Amino acid sequence: MSEASSVAELATAVRNGTRSASEVLEAHLAEIDESEPSIHAFNLVTGDEARRQAAAVDAVVASGGDPGLLAGVPVALKDNLCTRGIPTTCSSRILEGWLPPYDATVVTRLREAGAVMVGKTNMDEFAMGSSTETSATGPTRNPCDLSRVPGGSSGGSAAAVAAGFAPLALGSDTGGSIRQPAALCGVVGMKPTYGTVSRYGLVAFASSLDQIGPFAGSVADAALCFDVIGGHDEADSTSLNRPSPRLLSVIDDGVEGMTIGVLTEFLDGADPVIAERTRMAAEALASAGARVEEVSVPEVALALSAYYLIAPAEASSNLARYDGVRFGLRVDAEDTVAMNTATRSAGFGAEVKRRIMLGTYALSAGYMDAYYGKALRVRTLIIEGFSRAYQRCDVLLGPTTPTTAFPLGAKVGDPMTMYLSDVCTIPTNLAGHPAISVPFGTDDGGLPVGVQLLAPALAESTLVRVAAVVEAAAPGWTGTRGVGS
Ligand code: GLN
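A brief report on the enclosed structure follows.

Reading the values: rules and limits
Residues numbered from 1 in each chain as written. Predicted model: local features only at pLDDT ≥ 70, side-chain atom pairs only at ≥ 80, totals over all residues. Heavy atoms only, no water. Pairing = 2+ DSSP bridges. Helix = DSSP H or I, 4+ residues; strand = E, 2+ residues; numbered from the N terminus. Axes fitted to C-alpha atoms, helices over the stretch in contact; angles between N-to-C directions. Contact = heavy atoms within 4.5 Å. Expected span 1.5 Å × (residues − 1). Bend = angle between axes of the 7 residues up to and from the residue. Buried < 20%, exposed > 50% of the residue type's maximum accessible area, 1.4 Å probe, protein only. Parallel < 35°, antiparallel > 145°, perpendicular 65-115°, else oblique. Nonpolar A, V, L, I, M, F, W, Y, C, P; charged D, E, K, R; others polar. Near = heavy atom within 4 Å. Polar contact = N/O pair within 3.5 Å; in protein donor to acceptor, adjacent residues only side chain to side chain. Areas by Shrake-Rupley, 256 points an atom, 1.4 Å probe, with all protein chains shown as cover. Phe/Tyr/Trp six-rings, centres within 6.5 Å; stacked < 30°, edge-to-face > 60°.

Moving on, we get to the sheet that holds strand 11 (residues 448-454). Picture the strands of a sheet paired through backbone hydrogen bonds; they go either parallel or antiparallel. Reading across the sheet, the 11 strands line up as 1-3-2-4-6-5-10-11-9-7-8 and stay open at both edges, with mixed pairing between neighbours. Of all strands in the sheet, those with a lone pairing partner are strand 1 (42-45) and strand 8 (291-295), marking the two edges. Neighbour-to-neighbour, the strand axes of this sheet turn through a mean angle of 25°, independent of strand direction. Here 2 bridges tie strand 5 (residues 188-191) to strand 6 (residues 212-216), and the two strands are oriented antiparallel to one another. Note on strand 6: the bridge partner recorded for Gly189 is Phe215. Strand contacts of helix 9 (residues 272-287): strand 7 (259-263), strand 8, strand 9 (395-399), strand 10 (435-442) and strand 11, with the helix running at about 150° to strand 9, the strand carrying the most contacts. Most of the contacts of helix 16 (residues 460-473) go to strand 10, to which it runs at about 5°, and overall it touches strand 5, strand 7, strand 9, strand 10 and strand 11.

Structure (structure tokens):
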């Protein structure tokens, strides 16, 4: 793709008629045609629908109207976001044939802003995984190295942006599923504060943790996307009733006077090259006028254990609805109970079954207080630990992941090792706080490294200001990672 520009510039060009949405779309569809067979970022490319949407945007421009902030910007959607009349599978056999009767609120907001939906992206089944290898449609490959995973669970969305299939994508982050694949694919990924982006129409995994957020080629593009999708929604009872965000306008305000805490617990287990990159990011923030100090939040060491009780507990309840009656797949049998069992046995993959069993056990009579109840108390301790750190620091800094992208197949046989991929991202979800992964150079083999910035609830504007400074200091940063021709 030629001539990189920002999403805002691309939308401006479409709004003022310098470029047509249809031409922008065709360039991206051509890129998909060429490289998608080797990457498998998508479960479905919605070319016809995209062409209709792009033509509608061009018609608005031709008639003198304004199609919106994302006019003609191609967007890829994780396949757990409901799209009316368009298959939404969560990369699971159990949703085969199901057509959602409504659009997720984020999908509506993107369309109202003039964005053009190019497809539904591959993911770990029901967002359970860190590599997209639990997908029933087969794994996505990392565009930076096709022998490696893109991360997960939103691996298809990260890969779509990294491969130039779309300048923006949406994912969901329950324990790291936006930030971890963003880090592994070399793009920006942001998990907003719980409640700032409507979850209406997001197929639920663990409802107290799930949050939708953007993937983009730059912090500014991610900020603009958040500005479009965020804000109160009556259809989601956990949506916060606050004014809509405006991150893009503060992004260049710098870090002078801020205090940044380098989170020692996250550095401890990380590969040396990733720890080194994180320290370089800290130095860049110090040179830009921030005070940088080391901070310890010992409670984060408990996060993984608490998460693997809370998330499966909620999942076991959320996934009870797939009974062969209301959604997708049905495997017929002699009576209803046998049909339920046959459907769920055939429809769910091994990881989903493992989570349902873990969750059911954690919630069962006699064990609930010892497991689920204790995990909830640990969750409170983690929130208190972060609160202590945020009395001194505006933002925390650490690696996004302990390693760079690993080879396909390397961790599939060992769930515990796979779960450890999210050790630096999960604490934020338990706290409900925002965090962002920003690409920061590569390891010795040329694989992307991501550094993570964490902030207190609703401090997205502080977060993106710091992220923009880190991004500008990243080795190889040229002003944008490219929106394509
Ligand atoms: N990898 C984590 C899990 O498997 C997180 C997934 C997510 O954020 N959806 O649960």
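On we go.
As a further point, take helix 2 (residues 21-39). Its 19 residues place the ends of helix 2 25 Å apart at the C-alpha level, agreeing with the 27 Å of an ideal helix rising 1.5 Å per residue. Largest kink in helix 2: about 40°, centred on Asp33, with the proline Pro37 one to four residues after it. If you check which residues of helix 2 are buried, you get Ala21, Val24, Leu25, Ala27, His28, Leu29, Glu31, Ile32, Ser35, Glu36 and Ile39. On its buried face, helix 2 sits against helix 1 (7-15), strand 1, helix 3 (47-62), strand 2 (74-78), strand 3 (116-121) and helix 5 (155-162).

Attention now goes to the packing of helix 10 (residues 303-318) against helix 12 (residues 350-362). It is the contact of helix 10 with helix 12, at a shortest axis distance of 7 Å, that shows an interaxial angle of 100°. In this view, helix 10 runs roughly perpendicular relative to helix 12, as classed from their interaxial angle. Two secondary-structure elements touch here, helix 10 through Tyr308, Leu309, Pro312, Ala313 and Ser316 and helix 12 through Arg355, Ile356, Leu358, Gly359, Thr360 and Ala362. Residue classes in the contact of helix 10 with helix 12 are distributed as 7 nonpolar, 3 polar and 1 charged.

What follows is about the site of the ligand. Around the ligand there are 15 residues in total, and Gly175, Ser177, Tyr307, Arg355 and Asp422 lie nearest to it. Take Gly129: an N or O atom from its main chain is 2.9 Å from an oxygen atom of the ligand. A distance of 2.9 Å separates a nitrogen atom of the ligand from a polar atom in the side chain of Ser130. Alone, the ligand offers 290 Å² of accessible surface; in the complex the protein occludes 100% of this. When grouped by side-chain class, the residues that make up the shell around the ligand number 5 nonpolar, 7 polar and 3 charged.

The subject of this paragraph is the packing of aromatic side chains. Per the stated rule, a full pass over the model turns up 13 aromatic pairs. Taking 6.0 Å as the distance between ring centres and 65° as the angle between the ring planes, the aromatic pair formed by Phe126 and Phe348 counts as edge-to-face. In this pair, Phe126 sits in the loop between strand 3 and helix 5 while Phe348 sits in the loop between helix 11 (336-347) and helix 12, placing the two residues 222 residues apart along the sequence. In this pair, the class of Phe126 matches that of Phe348, namely buried. With a centroid separation of 4.8 Å and 80° between ring planes, the pair formed by Tyr307 and Tyr308 is classed as edge-to-face. You'll find Tyr307 and Tyr308 in the same group, each marked buried. Counting every residue linked through ring pairs, the aromatic cluster contains Trp98, Phe126, Tyr322, Phe327 and Phe348.

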